[in-house]
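# Inside the fold
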2 protein chains.
Amino acid sequence: MRPTLQTVADAVGVSRSTVSNAYSRPDQLSPDLRQRILDTARRVGYAGPDPTARSLRRGRAGAIGVLFTASLPYAFTDPYAVQFLRGLAESVRGQDTGLLLVPQGVDDTGTAVSNAAVDGFCVFCMPDWHPSWDAIEARGLPVVSAQRRPTDGTDALFVGIDDADATRAAGRHLTQLGHRRVAIIGDHLAAGPTRPVTTATPDEVAYYGSRERLRGYYEAFREAGVDWADITTISTDVNSKESGATAAAYLFDQADRPTAVVAFSDILALGVLDALTARGLRPGHDVSVIGFDDIPEAAQASLTTVRQPAVQRGRLSGHLLLDPPKDPTGRQIVLPTDLIVRDSTRPAVTKE
Amino acid sequence: MRPTLQTVADAVGVSRSTVSNAYSRPDQLSPDLRQRILDTARRVGYAGPDPTARSLRRGRAGAIGVLFTASLPYAFTDPYAVQFLRGLAESVRGQDTGLLLVPQGVDDTGTAVSNAAVDGFCVFCMPDWHPSWDAIEARGLPVVSAQRRPTDGTDALFVGIDDADATRAAGRHLTQLGHRRVAIIGDHLAAGPTRPVTTATPDEVAYYGSRERLRGYYEAFREAGVDWADITTISTDVNSKESGATAAAYLFDQADRPTAVVAFSDILALGVLDALTARGLRPGHDVSVIGFDDIPEAAQASLTTVRQPAVQRGRLSGHLLLDPPKDPTGRQIVLPTDLIVRDSTRPAVTKE
DNA sequence: ACGGCGTACTGTATCGATCCAGAGAGGTTC
DNA sequence: GAACCTCTCTGGATCGATACAGTACGCCGT
């Protein structure tokens, strides 16, 4: 039988409330009685107020749930994800709040969300149609996400970037360099293994961020007169260098290879660079490549990419959850992005 | 005012218990009443039993705490950590249990541990003297760690490897190749920035794994007649490629450079390889390098290393926590390691 | 007709804490 | 000396659920 507040109270000869105060409101009792209580607690093996009981009474779980459907091993191999998580962790530090990882399969029914003892949710990545969205809404807890969903009101918490704007700029950079034969690589644009998805249009993509990025490129290329049907789009099964390389293989092993490849993450883009060098092709000279995120490795690889403030994004998400501003304008934060031009993009050279 | 079981019970005209059963024990009531209850619940906006209240009554928090003192950004940049976490996540999947990240500064007093609503702790990495150990013990919850501590009884839960045995084998491999001038790189062997720690002996190291690995190398080199004082030991501030490269700089920028470098993680070792190539030195030919973990990148870099089953380690940790075997022999699991010899280790060439 | 039994639902006690109104002692003010 | 405070501690109500013993009722067999 584990000791409780009452056990300690009986041992000291005071009331339960006083023992509680010894832990939670030290100013409510004399210092020496408090010391006697803490000593006795240690003696009887009482480790302090039970977190669960305290949560129930206080109406505060002391944790925020982090949701993502990508499988865990891949979720954290991406430095972007790690940086985001770092920002989130920084924001809850000292707020006596923990992070509860709520990993989910794409086929889950949202029970994990219903059963999570948390004060709010941070949706890291989850497709639009996922049942957990409903479960979250039913909970009525604050949610912050990087996605804008059609059903969201203007009071929804949002921390993100203008994905479409970012890729539009990147796309224009390419078209200005003369690129017309381009390919796009993104993870989970469609279900299934890594493969070209010829029919993909932005609306069919299940993840908000990818959909927007696709739209941005779409618009930029259309501006330059490129026919959407001429653009090869490849969906990968996961977000990893290997998948990026596999996707690139589809492109470079065919006769009429693109002069430029854009990827929806630096991780994928680095895989593309690997595939290039493996074939004796030079990034930038033979094929231009653009990534997304600007992770540290991107600079090392001289990869042109879109920089987004990952750590800050995580940190602001945490702040918004822990202390949602009353003012609607403060509830939606759009962070700036920058196109970082490095050596991996150069003017297109047409071989004909 | 959020709806509770009672709200729904009143709306349907049944007792609170019956509504509870509708969620938790469907076999206890007729299917159509259950359906009526669930419908009403949705109508009044009841999202299901409150996780905190349920936890209190059931005596089960539904989460296990993951403890580490490394700062979060570095904790997950190491593929080994990610793989471990993956195994852990797999083991709790479908067990209606989540993972609560409990990051801690080295100067924390263990309050995070005291306040965590969990059913057990998995200590990922924490120095021996950390106050949280006491807090964990006070909680009286099951703990699984990869460390054997002097105070642990034989019933403590342990999943790990024989670190000393592994590095002893690696050390012998080097000495058999004729290496006598060697250097050791490990993270957090001592507090502070990346620097040589001339006085380091195994006993002074705060982390169990590092201490054991140091001891293994120590023994292997002594067997071969190498004087401990001749071995340069470098402690890095974090576990990263950059730190590995920085540490290597201390070694290669001096006249009498070592013929072999061993690192306590592949991440560090890869940094050493970077430093080598940056100086025009060839791994294996000019300087032999050994890592630890056998992460995927190690194979790509042809790095000789010690393979340990990271995913399995995490998975077994989870199993042990969720369902601790009564039998003491099943409570301590030592997994095998393998020395994987690749191109980064070759016979020593003495320049004299 | 009656005991026995299974099904469907109810009611109370309980998990372990915190909140808050209030009691009692002792001191200060006018 | 009555009124008023402050300081310290107490006791009961409460958070929202689950466990379990118990009740009501229909059905079966003899």
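This text gives an overview of the structure that appears in the document. (Residues numbered from 1 in each chain as written. Chains lettered and ligands numbered in written order. Predicted model: local features only at pLDDT ≥ 70, side-chain atom pairs only at ≥ 80, totals over all residues.)

### Overview of the sheet that holds strand β3 (residues 121–125) of chain A
If you trace the 12 strands from one edge of the open sheet to the other, you get β12(A)-β5(A)-β4(A)-β3(A)-β1(A)-β2(A)-β2(B)-β1(B)-β3(B)-β4(B)-β5(B)-β12(B), paired in mixed fashion. Strand pairing shows two members of the sheet lacking a second neighbour, β12 (332–335) of chain A together with β12 (332–335) of chain B, which therefore form its edges. The sheet shows a mean angle of 20 degrees between the axes of neighbouring strands, direction not considered. When strand β4 (residues 143–145) of chain B meets strand β5 (residues 157–161) of chain B, the two strands line up parallel, connected through two bridges. Bridged to S145 of chain B within β5 of chain B is F158 of chain B. Set on the sheet, helix α6 (residues 79–92) of chain A makes contact with β1 (63–68), β2 (98–103) and β3 of chain A together with β2 (98–103) of chain B; between it and β2 of chain A the angle comes to about 145 degrees. Its contacts with the sheet put helix α14 (residues 310–322) of chain B on β1 (63–68), β3 (121–125), β4, β5 and β12 of chain B, and the angle it makes with β5 of chain B is roughly 170 degrees. (Pairing = 2+ DSSP bridges. Helix = DSSP H or I, 4+ residues; strand = E, 2+ residues; numbered from the N terminus. Axes fitted to C-alpha atoms, helices over the stretch in contact; angles between N-to-C directions. Contact = placed C-beta atoms within 7 Å.)

### Observations concerning the interface of chain A and chain B
Accessible area lost upon the coming together of the parts is a frequently used measure of interface size. Chain A puts 35 residues into the contact, and the matching count from chain B is 35 residues. Counting residues per element, the ones that place at least two in the side of chain A that touches chain B are α4 (51–58), α5 (72–75), α6, β2 and α8 (132–139) of chain A. For the side of chain A that touches chain B, the class distribution of residues is 21 nonpolar, 10 polar and four charged. Relative to β2 of chain B, β2 of chain A runs antiparallel, the two sharing three bridges. Paired with L99 of chain A across the two strands is L101 of chain B, which belongs to β2 of chain B. (Nonpolar A, V, L, I, M, F, W, Y, C, P; charged D, E, K, R; others polar.)

### Examining the relation of the copies chain A and chain B
You can overlay chain A on chain B at an RMSD of 0.0 Å; the transform is a turn of 180 degrees with a shift of 0.0 Å along its axis. These values place the two chain copies in the arrangement generated by a two-fold rotation axis. Among all C-alpha atoms of chain A, that of L100 of chain A lies closest to the rotation axis, at 2.2 Å. The residues that chain A uses at the interface reappear at the interface of chain B in 100% of cases, marking a shared surface. (Least-squares fit on C-alpha atoms with pLDDT ≥ 70 in both.)

### Side note on the nonpolar core
Counting residues in each nonpolar core, the largest one holds 182 residues, and the members touching the most others are L100, V261 and V272 of chain A together with L100, V261 and V272 of chain B. Residues in contact with V272 of chain B, not counting those within four places in the same chain, are I185, G244, A245, A248, V261, A263 and V289 of chain B. (Core = buried A, V, L, I, M, F, W, Y, C linked by C-beta atoms within 7 Å. Buried ≥ 20, exposed ≤ 12 C-beta atoms within 10 Å, placed from the backbone.)

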